[in-house]
Amino acid sequence: MKLLLIGGGGREHALAWKLSQSPRVKKLFAAPGNAGIAQVAECRPVGAEDLPGLLALAKEIKPDLTVVGPDNPLAMGVVDLFEKQGLRAFGPSASAARFEASKIFSKQFMQRHGIPTARFGNFSSSAEAKKFAASLDACVVKADGLALGKGVIICRSPAESAAAITQMMEQKLFGAAGERVIVEEFMQGEEASIHALLDGKSYRLFPSSQDNKRVGDNDAGPNTGGMGTISPVPQVSAAIMQAAEGKILKPFLRGCAAEGIEYRGLLYPGLMLTADGPKVLEFNARFGDPETQVLMMRLESDLLDALEAVVDRRLVGAALRFKRDAAVCVVMASGGYPGDYAKGKPIRGLDDAAKLDGVQVFHAGTKRSGDAIVTSGGRVLGVTALGRDLKAARERAYEAVARIQFDGAHYRRDIGLRALKVLECTPGWAEAAV
Ligand code: AMP
Ligand code: GLY
């Protein structure tokens, strides 16, 4: 089979790496790809949001299946466009991708179908939003639209929430994405990511994973796209996974059926594990980045089989198998990220790091420049390792990180550390985690 993969980040390198292991994949193209993806695919210089360019490329290479990585092309309707031309594509339609593209749509859907989430109000008037925020002690103000993961402000007092609402709605800090906002109650707890393949009727779960979104150790500093992940998450017991299935995934599918929405693709609910059980922070309509890096390392069965089963609506007969090993991904970022950063810094030590057993270095913001591989984005690499347990995976990942250098590189030193402390206090959780 011939495949086209849309995107060029760490998530797409992990997908490309896994897809290229499928015996049925004869040729893999990526648009635009990156220097790591180029090791397993032919990269074409077409941007992930250039829909006419992507369609022209697909007409040229005639892929048997197109796999869409990022959220923006999904929200722009790339799957609808491809299907109209008779091209098979993995990912939700634009209408189904609204679960990620509009937080208000998503929250109202959860309310209609009894899916547990934080209490909220939605507003197109800043005065009304401020009044509601003042009635909550601590709250979270969220821009309705897509804002590169930045449109969420946590507020500890009415003064902070009023300032956040002014920034979003009056000063238009996030542009049109902030014209309407959600104000919701602040939830306390551990965060975890659930990934499920949905074919409109049934679902198949990946193991639990957890991202670390703040730039600094101990969750200091501003939010990023994600600085590192672990899988499994010790706090996600079988009982929590069951609750997530019964209270979130099944009502989600039933709600979609009742409202005539066919959700085919990957659904990634971000969860808060509260004292009252798991609650949905947000729905994402695509694989997480860098969650995909750890999930692909643990996936034993063929990814292409699973994605095709989704596209062809026959997930009910498909099985996903995973390794028992744990996986840890540490993101190495450019100096200054998540603020401004320089590009074009040569990266050294990639081959040395890759020699370590159980290690894969997934590229995110990289490109080839002559003989060298250089930085070309904020998140540069996702250094990922498997190990018999979280401790072993973590040690390997950091051993690999120590072998890689580029000017200004920074990374968190505590990926997986909180989970290890939890395991020390409650041995036995390691076996229970899913
Ligand atoms: P979102 O894009 O909605 O997932 O929000 C980004 C991040 O903000 C989440 O990963 C949480 O860390 C935090 N957050 C969002 N909503 C809440 C909430 N209701 N309570 C506590 N933290 C939240
Ligand atoms: N891991 C964060 C995201 O993919 O949105």
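Residues numbered from 1 in each chain as written. Chains lettered and ligands numbered in written order. Predicted model: local features only at pLDDT ≥ 70, side-chain atom pairs only at ≥ 80, totals over all residues. Heavy atoms only, no water.

## Let's talk about the sheet that holds strand β16 (residues 228-231)
Phase 1 of the analysis: On the basis of which strands lie adjacent, the open sheet formed by five strands has the order β13-β16-β19-β23-β20 and antiparallel pairing. Strands at the two margins of the open sheet, each flanked by one partner only, are β13 (210-211) and β20 (359-363).
Phase 2 of the analysis: One ladder, built from two bridges, connects β13 with β16; its direction is antiparallel. Each bridged residue has a counterpart across the sheet, and for Q210 the counterpart in β16 is I230. (Pairing = 2+ DSSP bridges. Helix = DSSP H or I, 4+ residues; strand = E, 2+ residues; numbered from the N terminus.)

## What about the packing of aromatic side chains?
Phase 1 of the analysis: As enumerated under the stated definition, the model contains 14 aromatic pairs in all.
Phase 2 of the analysis: Between the aromatic rings of F99 and F283, the centroid separation amounts to 6.0 Å while the plane-to-plane angle is 85°, which identifies the pairing as edge-to-face. Here F99, found in helix α5 (residues 98-101), pairs with F283, found in strand β18 (residues 277-284); they are 184 residues apart in sequence, far enough to count as distant.
Phase 3 of the analysis: Against the face of F29 rests K27, its NZ or CZ located 5.1 Å from the ring centre.
Phase 4 of the analysis: The cationic tip of R156 hangs over the ring face of F186; the distance from NZ or CZ to the ring centre is 5.5 Å. (Phe/Tyr/Trp six-rings, centres within 6.5 Å; stacked < 30°, edge-to-face > 60°. Lys NZ or Arg CZ within 6 Å of the ring centre and 35° of its normal.)

## Brief notes about the nonpolar core
Phase 1 of the analysis: Core analysis: the biggest nonpolar cluster contains 79 residues, and F82, F99, L198, F252, Y263, L381 and I404 have the highest contact counts within it.
Phase 2 of the analysis: When neighbours within four sequence positions are excluded, L198 is seen to be in contact with Y203, L249, F252, L253, Y263, R264, G265, L267, V310 and L315.
Phase 3 of the analysis: Core analysis: the next-biggest nonpolar cluster, separate from the first, contains 44 residues, A14, L28, L304 and V310 among them. (Core = buried A, V, L, I, M, F, W, Y, C linked by side-chain atoms within 4.5 Å. Buried < 20%, exposed > 50% of the residue type's maximum accessible area, 1.4 Å probe, protein only. Contact = heavy atoms within 4.5 Å.)

## Overview of the side chain of N212
Phase 1 of the analysis: Assignment of secondary structure puts N212 in the loop between β13 and β14 (214-216).
Phase 2 of the analysis: A relative accessible area of 7% places N212 in the buried class.
Phase 3 of the analysis: Other than its neighbours up to four places away in sequence, N212 contacts T224, G226, M227, G228, R412 and I415.

## Examining empty space enclosed by the protein
Phase 1 of the analysis: This structure, assessed with the given rule, holds one cavity of 30 Å³ or more.
Phase 2 of the analysis: Roughly 40 Å³ of volume is contained in the largest cavity.
Phase 3 of the analysis: As for the largest cavity, its lining consists of G10, D289, P290, Q293, V331, A364, R379, L381 and G382.
Phase 4 of the analysis: Per-element accounting of the lining of the largest cavity gives the leading share, three residues, to strand β23 (residues 379-387).
Phase 5 of the analysis: For the lining of the largest cavity, the class distribution of residues is four nonpolar, three polar and two charged. (1 Å grid on protein atoms, 1.4 Å probe; cavity = no way out; pocket = protein on both sides within 12 Å on 5 of 7 lines; lining within 4 Å. Points joined across faces, edges and corners; volume = space filled by probe spheres on them. Nonpolar A, V, L, I, M, F, W, Y, C, P; charged D, E, K, R; others polar.)

## Overview of the pattern of salt bridges
Phase 1 of the analysis: The tally for this structure, following the rule as stated, stands at 28 salt bridges.
Phase 2 of the analysis: The partner of E262 in a salt bridge is R313, with the nearest N and O atoms 2.7 Å apart. Placement of E262 in the loop between α9 (238-259) and β17 (264-274) and of R313 in the loop between α11 (303-311) and β19 (326-333) is noted, with a sequence separation of 51 residues between them.
Phase 3 of the analysis: Relative accessible area serves as the criterion here: at 39%, R313 is assigned to the partly exposed category. (Salt bridge = Lys/Arg side-chain N within 4 Å of Asp/Glu carboxyl O.)

## Things to note about the site of ligand 2
Phase 1 of the analysis: The local shell around ligand 2 consists of D211, K213, G225, Y268, R286, G288, D289 and E291.
Phase 2 of the analysis: One nitrogen or oxygen atom from the side chain of D211 is found 2.8 Å from a nitrogen atom belonging to ligand 2.
Phase 3 of the analysis: Contact distances for ligand 2 include 2.6 Å between a nitrogen atom and a side-chain N or O atom of E291.
Phase 4 of the analysis: Starting from 200 Å² of accessible surface for ligand 2 in isolation, the protein chains cover 88%.
Phase 5 of the analysis: Taken together, the residues of the shell around ligand 2 sort by class into one nonpolar, two polar and five charged. (Near = heavy atom within 4 Å. Polar contact = N/O pair within 3.5 Å; in protein donor to acceptor, adjacent residues only side chain to side chain. Areas by Shrake-Rupley, 256 points an atom, 1.4 Å probe, with all protein chains shown as cover.)

## Remarks on the site of ligand 1
Phase 1 of the analysis: What surrounds ligand 1 is a group of 15 residues, the closest being K142, E184, M187, E191 and E282.
Phase 2 of the analysis: At a separation of 3.0 Å, an oxygen atom of ligand 1 approaches a polar side-chain atom of E282.
Phase 3 of the analysis: The protein chains hide 92% of the 470 Å² of surface that ligand 1 would expose on its own.
Phase 4 of the analysis: For the shell around ligand 1, the elements supplying multiple residues, two or more each, are β7 (139-143), β8 (152-155), β9 (181-185) and β18.
Phase 5 of the analysis: Here the residues of the shell around ligand 1 are counted per class, giving eight nonpolar, no polar and seven charged.

## Topic: the sheet that holds strand β2 (residues 27-32)
Phase 1 of the analysis: The strand order across the open sheet formed by five strands is β3-β2-β1-β4-β5, and the pairing between neighbours is parallel. Both edges of this open sheet fall to β3 (42-43) and β5 (89-90), since each of them pairs with a single strand only.
Phase 2 of the analysis: Pairing geometry for strand β4 (residues 65-68) and β5, over two bridges, is parallel. Bridge pairing links V67 to F90 in β5.
Phase 3 of the analysis: Sitting on the sheet, helix α1 (residues 10-19) is in contact with β1 (2-7), β2 and β4, with an inclination near 165° to β1. (Axes fitted to C-alpha atoms, helices over the stretch in contact; angles between N-to-C directions.)

## A look at α1
Phase 1 of the analysis: Across the ten residues of α1, ten count as buried, placing the element largely inside the fold.
Phase 2 of the analysis: Three or more residues of α1 are buried, namely G10, R11, E12, H13, A14, L15, A16, W17, K18 and L19.
Phase 3 of the analysis: Along its buried surface, α1 packs onto β1, β2, β4, α10 (291-298), α11 and β20.

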